[in-house]
Amino acid sequence: MDVTELEKGKIPGVETGIEIRKSICAICDPSGLCGLDLSVDRSGVICKTEGSAEHPRNRGTLCSKGAATRQYVYHSERVKTPLLRSGPRGSGEFRPVSWDEALDLTVRHLNETKHSYGPESAVFYSGYAKYYRPYLKRLCHSYGSPNYLTEASSCHSAMLMAQRLVYGHQAEADVSNADLLLLWSINPFHASVHKARDIQARLDRGARMIVVDPRETPTTARAHLHLRPRPGTDGALALSMAQVIIEEELYDHDFVDRWSYGFAEYRDYVRSFPPEVGEQMTGVSADLIRRAARMYASARRAALLYSSASIVHHTNGVQNYRAVFQLIGLTGNLDVAGGNRMEPVSFINSAGRIPTRETEFTQCRPWSEMAPRIGSGAFPVWPRVIDEEGQAMALPAQLRTGKPYPVKTLVGFGLNHRMWPAPEAFLESLSHLDFFVNTELFLTDTCKYADLVLPACTSVERSELRCYGSGYIILTQPAIAPLHDSRSDVDIIYELARRLELDDPLFQAGYEAGIDYILAPSGITVEELKRHPGGMPVPNPTPKVERKYLTEGFHTPTGKFEFKSSLLEELGESPGCEALPVYYPPRHSRERTPELAEKYPLVLSSGSRLPMFVHSRTYRMPWTSSLRPGFPSADLSPEDAARLGIAQGDPIRISTPCGSIEVGANITRMAQSGVVHMYHGFPAADVNTLLSADYLDPISGFPGYRSSLCRVDKIGGTNP
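Our subject in this report is the structure included herewith. (Residues numbered from 1 in each chain as written. Predicted model: local features only at pLDDT ≥ 70, side-chain atom pairs only at ≥ 80, totals over all residues. Heavy atoms only, no water.)

So, on to unusual backbone geometry. Residue Y128 is joined to A129 through a cis peptide bond whose omega torsion reads 0 degrees. Position of A129 relative to the elements: it lies in the loop between β6 (122–126) and α5 (133–143). Following K403, the chain continues into P404 via a peptide bond in cis, with omega recorded as 5 degrees. Residues other than glycine seldom take positive phi values, yet E501 does so here, at roughly 55 degrees. Take E501: it is sitting in the loop between α19 (489–500) and α20 (505–509). (Helix = DSSP H or I, 4+ residues; strand = E, 2+ residues; numbered from the N terminus.)

Structure below.
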């Protein structure tokens, strides 16, 4: 082959000048972070994207999103230069400015806010990506504000809250050693492909699998049992399984007797949930409930896999998840091989099997020295359980009311107003700010309401540190130079710290010095990581120790596994916040609001994943969007479609008391009868506009995205 043919074939080598450079994909963050082999040509342009064969997360493969990396990186809607608003908020009218002008303006507003109102009146918010979060939190606290907020306020933290209330620490499924896998509202084939690969491998070696999911999915196709509860009834299902396990003496008596708190009250409560009652509440047959309970409790090693958001996106979410997680201790599957292991977190929510000083780095000022975090008053459990941040769902109300103190400056990184229920109301609340700056890849609808927009890099244009639970670590280096006039989020954060003249030695020392500080207990250095551009196994990984509670106890107020929460007991119980995992149907449901259900007879559930999309960012990419023709559309069951006289692709209107959206109908057996599934994030059909801003879980403040009431009408026709 001559050079021209080699170049056409994008063959790396001296002849073509094409070089393979290592990076990671942060489109799915943090569940993805797959290794990338980027073919970069003589002009510094990525001409081909492949998976890194040596990377433990993807092992040479890529999903549809990662395969479309070039479309993501070179998209025409990238923000190219700092932009200063020149028209009214929302108009999208901006003029380019220099980085010096942009950063000086941001620093001036931060200093004015601190001087006039106090540092708590500035908010530092992180959406996507997540690699810079330790540095943004340090910036926030070093500045003096308690108000570090993230999208985990509607994604991850409530799941973490439920686990901490029960046993004090997150516990991940040990898939590779399990004899039985209980997947509870998680579809890894769409949301976490590397987990799907591990699950398939374990099933091929003889493990059995139970899947709890209202939908039929590629995951349920391999299940030995599939339980399809109505959305929002997971707590009732878990309590009914517990009733069987206790009634039939299948529970771990030794663990319960020695290491649990509140079991007697819990046992008395679950007696009211026999499978026949569970069937009435959930729609899952009593026979299936008994079979699932017996399979899970009788397995020698059983692991429970869960998602970050599926269960907690209900108005009863934390209580539901507490009931689910209590099954782990009830059966003696906590912190044992093949069960759910409590491994220490190394960096950015990942158990990388190395000790680090991430907490010391991020929490550079104790909470006691700062004002109360946003959300502390509305959700008093939050600051007692979530050490990491404030509750961002309370931000719009505080912006509007100025109570308990005003918020005047908002420094956003990847802030997307569509993460909130009633997103238009969130945009309206921004009018109470003196200054709003958002750092972004694309000129989003949220950015149009900013006073200043700063252009960010993608993962392939920056350096970032990541850890993996398998005991792998990587510090990427830019595979290509930052496009246009963009900068990495970390560079922006460190430059703001410098211009603010913060008395912070680690900010003054620079980004790589901060990484060395964080990694110091592990003995790994930036210098060593740079010698392994594709990443490396961690030397001397922390050994996995079983039943650490035998020497450490549990990180709960009682030091025990809590069937009854001593913290909720202390704070004073109220409906939805009881110390036992009391089950209530969703706030809007046929059981609790029968009159509303007469007018809005279908359950509306939003947020389910498709394999080619992650939130709204990937809707822009032609390759991924072409895999779902006719999008946006809502999933309807064949039974509901027939009853409503709706055919595939028909235009339909989904209505709630808060409004309506118009989409196409996608008729699929994946959808449960009586349930409408709608994907989120579409500007022209934003399903979150169909919820009120206060449709929240009373414990966590999480929105009830996955269980409200709606009606569906065929546009241009009359429902039968």
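Judged by which residues are buried, strand β23 (residues 633–636) turns out to be covered on both faces: S633 and D635 on one side and A634 and L636 on the other are all buried. Bridge analysis of β23 against strand β25 (residues 659–667) gives 4 bridges, and the strand direction is parallel. Bridging across to β25, L636 finds its partner in I667. Sheet topology note: the β23/strand β26 (residues 675–678) ladder contains 2 bridges and is antiparallel. Considered in β26, the bridge of D635 is made with H677. (Buried < 20%, exposed > 50% of the residue type's maximum accessible area, 1.4 Å probe, protein only. Pairing = 2+ DSSP bridges.)

The next point concerns the environment of L696. Summarising the element assignment, L696 is placed in the loop between β26 and β27 (708–714). Accessibility expressed as a relative area gives 13% for L696, which makes it buried. Between the C-alpha atom of L696 and that of D268, which follows or precedes it by 428 residues, the distance is 29 Å. Ignoring sequence-local partners within four residues, the contact set of L696 consists of T315, F379, P421, R587, G701, F702 and P703. (Contact = heavy atoms within 4.5 Å.)

Within the open sheet, the 3 strands sit side by side as β18-β19-β20. Their pairing is antiparallel. A strand with exactly one partner marks an edge of an open sheet, and here the two such strands are β18 (465–468) and β20 (536–537). Pairing geometry for β18 and strand β19 (residues 472–475), over 4 bridges, is antiparallel. Paired with Y468 across the bridge in β19 is Y472.

Where helix α6 (residues 157–167) contacts helix α14 (residues 317–330), the axes come no closer than 9 Å and their chain directions differ by 50 degrees. Considered as vectors, α6 and α14 are oriented oblique to each other. Seen from above, α6 lies across α14 with right-handed handedness. Along its contact with α6, which presents A158, M159, M161, A162, Q163, L165, V166 and Y167, the element α14 presents V318, Y321, R322, F325, Q326 and I328. Looking at the contact of α6 with α14, its residues break down into 11 nonpolar, 2 polar and 1 charged. (Axes fitted to C-alpha atoms, helices over the stretch in contact; angles between N-to-C directions. Parallel < 35°, antiparallel > 145°, perpendicular 65-115°, else oblique. Left-handed = near helix turned anticlockwise from the far one by under 90°. Nonpolar A, V, L, I, M, F, W, Y, C, P; charged D, E, K, R; others polar.)

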